[in-house]
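# Observations on the model geometry
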Amino acid sequence: MKIVIASRNAKKIEELKRILEGIEINLLSINDFPELEEVEEDGLTFEENALKKARYVCQKTGLPAFSDDSGLEVEALGGKPGVRSARYAGERATDEDNIKKLLKDLEGVPLEKRNARFVCCIALVFPDGQEYIFWGYVKGKITESPRGNYGFGYDPVFIPEGFQKTFAEMEPHEKDKISHRREALNKLKDFLIKLGPPYKQNLL
Ligand code: IMP
């Protein structure tokens, strides 16, 4: 069965493939379809953005497609950066720029009020129009300075609940076990495994 991951982010694709390993699907990414254009993530919610990307890729490739839209929600900032996580410090912001802005916005906020969570929303869209949404979350705290070199995005400033290390100090497989993306992907994986044979033919 073939499914297209609607993402060009190499690190994210790597992480998604690692988590979905072992299930019998041929995972393609939009890098395998150079003619596809960039989809603007202008939705107001994770779900809107995830659906928009997956619908576009499914429509253009004629294959089932899934996309994940994810981000960081910080309680003391009323849920920001949220859907704007990738562009928090500006349209062309790097991970470092975004982290710098986040830490500045949280200056003076004590540890007990630095609660945050990563959110992952996966949209799976079939050529026959069926659409499914899967959610995953991981709660934690925002540190006062970046630590660690693994991962991407806000990993260096996020300590998951029950740990002392930031996501960027964890080996990738350690993060995979507890990440928001893992939770949402597990739900997607269970769904795909449960698909009956007649349905499965839709995916070939
Ligand atoms: P998008 O889902 O590609 O729109 O990206 C969302 C943004 O949220 C990323 O660019 C990161 O800034 C942040 N983000 C999402 N998931 C993670 C994660 O697992 N670690 C660190 N940052 C993340």
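Residues numbered from 1 in each chain as written. Predicted model: local features only at pLDDT ≥ 70, side-chain atom pairs only at ≥ 80, totals over all residues. Heavy atoms only, no water.

Attention shifts here to the sheet that holds strand β4 (residues 115-125). Pairing between the strands of a sheet comes from backbone hydrogen bonds, and it takes one of two forms, parallel or antiparallel. In space, the six strands of this open sheet follow the order β2-β1-β3-β4-β5-β6, with mixed pairing throughout. The open sheet has two edge strands, β2 (26-29) and β6 (158-160), and neither has a second partner. Ignoring strand direction, the axes of neighbouring strands in this sheet form an average angle of 35 degrees. Each of β1 (2-5), β2 and β3 (65-74) is contacted by helix α1 (residues 10-20), which is oriented at about 110 degrees to β3, the strand it contacts most. Those strands touched by helix α2 (residues 46-61) are β1, β3, β4 and β5 (131-142), and its axis lies near 160 degrees from that of β3. (Pairing = 2+ DSSP bridges. Helix = DSSP H or I, 4+ residues; strand = E, 2+ residues; numbered from the N terminus. Axes fitted to C-alpha atoms, helices over the stretch in contact; angles between N-to-C directions. Contact = heavy atoms within 4.5 Å.)

With that out of the way, let us pick up the site of the ligand. Of all residues adjacent to the ligand, which total 16 residues, the nearest are Lys12, Glu41, Asp155, Lys175 and Arg181. Between the ligand and Ser70, the relevant distance is 2.9 Å, taken from an oxygen atom to a main-chain nitrogen or oxygen of the residue. Here the ligand has 490 Å² of accessible area as a free molecule, and 92% of this is covered by the chains. The cavity that encloses the ligand is the largest pocket. (Near = heavy atom within 4 Å. Polar contact = N/O pair within 3.5 Å; in protein donor to acceptor, adjacent residues only side chain to side chain. Areas by Shrake-Rupley, 256 points an atom, 1.4 Å probe, with all protein chains shown as cover. 1 Å grid on protein atoms, 1.4 Å probe; cavity = no way out; pocket = protein on both sides within 12 Å on 5 of 7 lines; lining within 4 Å. Sits in = over half its atoms within 2 Å of the grid points.)

Before going further, it helps to examine the layout of surface pockets. Its boundaries defined by the atoms lining it, the largest pocket holds a volume of some 930 Å³. Together, 36 residues line the largest pocket, and Asn9, Lys12, Glu41, Lys53 and Ala86 are the ones closest to its centre. Mapped by element, the contributors of at least two residues to the lining of the largest pocket are α2, β3, α3 (95-105) and α5 (180-194). Residue classes in the lining of the largest pocket are distributed as 13 nonpolar, eight polar and 15 charged. Each pocket or cavity is described by its volume, and for the second largest pocket that value is around 170 Å³. (Points joined across faces, edges and corners; volume = space filled by probe spheres on them. Nonpolar A, V, L, I, M, F, W, Y, C, P; charged D, E, K, R; others polar.)

Turning to its location among the elements, Lys189 is positioned in helix α5. Buried and unpaired, Lys189 has no salt bridge, with Asp190 as the nearest side chain of opposite charge at 7.4 Å. Not counting residues up to four positions away in its chain, the partners in contact with Lys189 are Ile19, Leu20, Glu21 and Ile23. (Buried < 20%, exposed > 50% of the residue type's maximum accessible area, 1.4 Å probe, protein only. Lys, Arg positive; Asp, Glu negative; His and termini not counted. Salt bridge = Lys/Arg side-chain N within 4 Å of Asp/Glu carboxyl O.)

Phe66, Leu188 and Leu192 are the most contacted members of the largest nonpolar core, which has 22 residues in total. Going through the elements one at a time, β1, α1, β4 and α5 are the ones with two or more residues in this core. Membership of the second largest hydrophobic core comes to 20 residues, among which are Val4, Leu36, Val57 and Ala65. (Core = buried A, V, L, I, M, F, W, Y, C linked by side-chain atoms within 4.5 Å.)

Looking only at α3, the buried set comprises Asn98, Ile99, Leu102 and Leu103. For α3, the arc enclosing every buried residue in end-on projection is 130 degrees, short of the 170-degree limit, so these residues lie on one face. Residues of α3 that are exposed and point over 90 degrees away from its buried face: Glu96, Lys100 and Lys104. Buried positions along α3 lie against β3 and β5. (Arc of directions from axis to C-beta.)

Let us look at the pattern of salt bridges. Summed over all chains, the structure comprises 13 salt bridges. Here Arg84 makes a salt bridge to Glu91, at a shortest N to O gap of 3.5 Å. With a relative accessible area of 38%, Arg84 lands in the partly exposed category. Lys187 is paired through a salt bridge with Glu183; the nearest N and O atoms lie 3.7 Å apart. Here Glu183 and Lys187 lie together in helix α5, a separation of four residues that amounts to about one turn. Taking the relative accessible area as the measure of exposure, Lys187 reaches 35% and is therefore partly exposed. Each of Glu41, Lys53 and Asp69 takes part in one network of salt bridges that share partners.

Moving on, we come to the packing of aromatic side chains. If you walk through the whole model with that rule in mind, you get seven aromatic pairs. The interplanar angle of 10 degrees and the centroid separation of 5.9 Å between the aromatic rings of Phe118 and Phe167 together place this pair among those described as stacked. Here Phe118 is found in strand β4, whereas its partner Phe167 is found in the loop between β6 and α4 (172-178), with 49 residues between them in sequence. By the burial criterion, Phe118 is buried, and Phe167 matches it. Ring plane angle 5 degrees and centroid distance 6.3 Å describe the contact between Trp135 and Tyr137, whose orientation is recorded as stacked. By relative accessible area, which is 26% here, Trp135 ends up partly exposed. Grouped by ring-pair contacts, the aromatic residues Phe126, Tyr132, Phe134 and Phe191 constitute a single cluster. The ring of Tyr88 carries the charged tip of Lys101 above its face, separated from the ring centre by 4.7 Å. (Phe/Tyr/Trp six-rings, centres within 6.5 Å; stacked < 30°, edge-to-face > 60°. Lys NZ or Arg CZ within 6 Å of the ring centre and 35° of its normal.)

So yeah, pure geometry; function would need other evidence.
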